[in-house]
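Chain residues, written in single-letter form:
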Amino acid sequence: MNIQWYPGHMTKAKRAMKEDMKLIDLVIELVDARVPLSSRNPDIDDLGAGKARMVLLNKSDLADEGQTARWAAWFEDKGIHVVKIDARNKGTLKQVQSVIQDACKEKIERDRRRGILNRPIRTMVVGIPNVGKSTFINSFAGKACAKTGNKPGVTKGNQWIRLNKTLELLDTPGILWPRFEDQQVGLKLALIGSINDQILNKDELAWELIRFLKKRYPQVLSERFGLETEGKEAAFILEEIARVRACLLKGGDLDVSRAAALLLDDFRAGKLGRITLEEPENQKDKVG
Ligand code: G4P
């Protein structure tokens, strides 16, 4: 899904999010495990103030496992409960339910002290476009769940999915706006394919990826394309990829843009291996 964000659009989204927040006990925030910080909007810390908080490191099947573990520790350090998941794979969601209970311990205790027993936890899923919110809701809620309020004559208002006696999930995900104003963030979101390719130059994007891989995952390009990359410029390496993959224009010249698209597709599909684009160290952003 590609949404064009304008200031007015963001104000509207923020207002809607504020309203939804009034209804819930727990915020389940999805981030992309390959870019856990760039794929989140820190405004959620204000919007979700006073709520129990949980982060799901989604698409962890595509991310570097070591880095994902470090990111999990980074979020936990800030008092946020974390589970790494692949939203398409139900097996990875087993832990989510118990971590929800854990994240809401205080609320459950508060209810108990007031004599309120068995009031379900109300939660909603939030995140920037394309992090996997709908996929998660579908996998987590499944098809068999009853929709509360989904009766004849009850069409208005929010739809809740009753997952079990202890948990109700708002049926629609809350969409947060990405932090486009930070160029690095825009670049990383473009690399993972969350921003429309047409507004970015694919060749430049591919060069950025090559530079990053050379620095952090030096073996990847040689393994995938059989290239020697040591001491070579990104533009030269991209031409080499075009040559190796026979990306040619009609006259026989190299079709570098096709090679760029091919490299980006390989990266996004995980064919270059499990790669994380940012590390928890050197992150000054405050969370929680
Ligand atoms: P959104 O609601 O947050 O906008 O995201 P959505 O669920 O639509 O997911 C965006 C894309 O990410 C989908 O792919 C979805 O299949 C994929 N996805 C979601 N979770 C995971 C995950 O944990 N791992 C991986 N590898 N992919 C995930 P798509 O190409 O847009 O659609 P489709 O080809 O799957 O139909």
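Please read all numbers here as calculations on a predicted model, not as lab measurements.

How each quantity is defined
Residues numbered from 1 in each chain as written. Predicted model: local features only at pLDDT ≥ 70, side-chain atom pairs only at ≥ 80, totals over all residues. Heavy atoms only, no water. Near = heavy atom within 4 Å. Polar contact = N/O pair within 3.5 Å; in protein donor to acceptor, adjacent residues only side chain to side chain. Areas by Shrake-Rupley, 256 points an atom, 1.4 Å probe, with all protein chains shown as cover. Helix = DSSP H or I, 4+ residues; strand = E, 2+ residues; numbered from the N terminus. Nonpolar A, V, L, I, M, F, W, Y, C, P; charged D, E, K, R; others polar. Core = buried A, V, L, I, M, F, W, Y, C linked by side-chain atoms within 4.5 Å. Buried < 20%, exposed > 50% of the residue type's maximum accessible area, 1.4 Å probe, protein only. Domains from an automatic or database assignment. Contact = heavy atoms within 4.5 Å. Pairing = 2+ DSSP bridges. Axes fitted to C-alpha atoms, helices over the stretch in contact; angles between N-to-C directions. Parallel < 35°, antiparallel > 145°, perpendicular 65-115°, else oblique. Left-handed = near helix turned anticlockwise from the far one by under 90°. Salt bridge = Lys/Arg side-chain N within 4 Å of Asp/Glu carboxyl O.

Digging into the site of the ligand
Then comes step 1: By nearness alone, 15 residues border the ligand, and Asp61, Asn130, Lys133, Ser134 and Thr135 come closest of all.
Then comes step 2: At 2.8 Å from a nitrogen atom of the ligand is found a side-chain nitrogen or oxygen belonging to aspartate 61.
Then comes step 3: One nitrogen or oxygen atom from the main chain of asparagine 130 is found 2.8 Å from an oxygen atom belonging to the ligand.
Then comes step 4: Across the complex, the protein chains shield 63% of the 700 Å² of accessible surface that the ligand would expose by itself.
Then comes step 5: With three residues, the single largest contributor to the shell around the ligand is helix H6 (residues 133-141).
Then comes step 6: Partitioning the shell around the ligand into residue classes produces five nonpolar, five polar and five charged.

Focus: the nonpolar core
Then comes step 1: The biggest cluster of nonpolar side chains holds 74 residues, and the ones touching the most others in it are Val96 and Phe136.
Then comes step 2: Of the residues forming this core, the biggest block, six residues, is contributed by helix H8 (residues 202-216).
Then comes step 3: Counting residues domain by domain, this core receives three or more from each of domain 1 (5-178) and domain 2 (200-267).
Then comes step 4: In this view, valine 96 contacts Met54, Leu56, Val83, Ile85, Phe136 and Phe140; residues no more than four positions away in its chain are not counted.

Overview of the pairing of strand E4 (residues 121-127)
Successive residues of a regular strand alternate their side chains across the two faces of the sheet.
Then comes step 1: In terms of burial, E4 is largely enclosed, as six of its seven residues are buried.
Then comes step 2: The pairing of strand E1 (residues 26-32) with E4 spans four bridges and is classified as parallel. If you follow leucine 26 over to E4, its bridge partner there is threonine 123.
Then comes step 3: In the sheet, E4 pairs with strand E8 (residues 174-175) via two bridges, with the strands oriented parallel. Along E8, the bridge assignment pairs glycine 127 with isoleucine 175.

Some points on the domain arrangement of the protein
Then comes step 1: Once the domains are mapped, the protein shows domain 1 (5-178) and domain 2 (200-267).
Then comes step 2: Domain 1 and domain 2 are separated by 37 Å when their C-alpha centres are compared.

Quick notes on the packing of helix H7 (residues 183-191) against H8
Then comes step 1: In the contact formed by H7 and H8, the axes pass within 10 Å of each other and the chain directions differ by 95°. In terms of their interaxial angle, H7 and H8 are classed as roughly perpendicular. Two secondary-structure elements touch here, H7 through Leu187, Ala190 and Leu191 and H8 through Leu205, Glu208 and Leu209.
Then comes step 2: Taken together, the residues of the contact of H7 with H8 sort by class into five nonpolar, no polar and one charged.

Re the packing of H8 against helix H11 (residues 256-268)
Then comes step 1: One can describe the packing of H8 onto H11 by two numbers: an axis separation of 9 Å at closest approach and a directional angle of 50°. Accordingly, the angle class assigned to the pair H8 and H11 is oblique. Along this stretch, H8 crosses H11, giving a crossing that reads as left-handed. Residues Lys202, Asp203, Leu205, Ala206, Leu209 and Ile210 of H8 lie in contact with H11, whose contacting residues are Val256, Ser257, Ala260, Ala261, Leu263, Leu264, Phe267 and Arg268.
Then comes step 2: Taken together, the residues of the contact of H8 with H11 sort by class into ten nonpolar, one polar and three charged.

Some words on the pattern of salt bridges
Oppositely charged side chains can form a pair if their charged atoms are brought close together.
Then comes step 1: Within the structure shown, the criterion is met by 24 salt bridges.
Then comes step 2: Among the salt bridges present, the one from arginine 70 reaches glutamate 279, with a minimum N-O distance of 3.8 Å. Here the residue arginine 70 occupies a position in helix H3 (residues 65-76), and glutamate 279 occupies one in the segment after H11, the gap between them amounting to 209 residues.
Then comes step 3: A relative accessible area of 23% means that glutamate 279 is categorised as partly exposed.

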